[in-house]
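Descriptive structure summary
Each chain is listed here by its residues.
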Amino acid sequence: MYLTSEKKAELFAKYGNDAKNNEKLLGLMKDVPDEERTARFVSCVCCCFPDGRSFTVRGTCEGVIAHEVHGNGGFGYDPVFLVGEKTFGELSAEEKDKV
């Protein structure tokens, strides 16, 4: 199941909190087999400086959507975004930095 940003906004905007959004996502994916639960976290940052210099960086992290919530750290989809044996919600900030 591929969700664009627009589709996510349509499906989840009315809830307004992470726990309900994760509950809805897991409900939508309850019958999705493990091999089709792939997920990707993407982060982009653009820095612009007063002297006109700028740079943009993009990072990705591959994972899968877990079958249930694990951990209470982080925010958003962290408790259901599984990387290896742990979700982002179970990782410390230091562990996330290493991923």
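Residues numbered from 1 in each chain as written. Predicted model: local features only at pLDDT ≥ 70, side-chain atom pairs only at ≥ 80, totals over all residues. Heavy atoms only, no water.

Attention now goes to the sheet that holds strand E2 (residues 54-65). Here 4 strands make up an open sheet; going across it, the order is E1-E2-E3-E4 and the pairing antiparallel. This sheet does not close on itself; its edge strands, each paired only once, are strand E1 (38-48) and strand E4 (86-87). When strand E3 (residues 81-83) meets E4, the two strands line up antiparallel, connected through 2 bridges. Residue pairing in the sheet places Leu-82 in a bridge with Thr-87 of E4. (Pairing = 2+ DSSP bridges. Helix = DSSP H or I, 4+ residues; strand = E, 2+ residues; numbered from the N terminus.)

Take the pairing of E1 next. In terms of strand pairing, E1 meets E2 through 11 bridges, oriented antiparallel. Bridging across to E2, Phe-41 finds its partner in Cys-61. Connecting the antiparallel pair E1 and E2 is a turn made up of 5 residues, with Gly-52 showing a positive phi of about 100°.

Our focus in this paragraph is the nonpolar core. Counting 11 residues, the largest nonpolar core is built from Leu-25, Leu-26, Met-29, Val-32, Ala-39, Cys-61, Ile-65, Val-80, Phe-81, Phe-88 and Leu-91. If we ignore the near neighbours within four places in the chain, the residues touching Leu-26 are Arg-37, Ile-65, Ala-66, His-67, Glu-68, Val-69 and Val-80. (Core = buried A, V, L, I, M, F, W, Y, C linked by side-chain atoms within 4.5 Å. Buried < 20%, exposed > 50% of the residue type's maximum accessible area, 1.4 Å probe, protein only. Contact = heavy atoms within 4.5 Å.)

Alignment of E2 against E3, held across 2 bridges, turns out to be antiparallel. Opposite Ile-65, over in E3, you have Phe-81 as the bridge partner.

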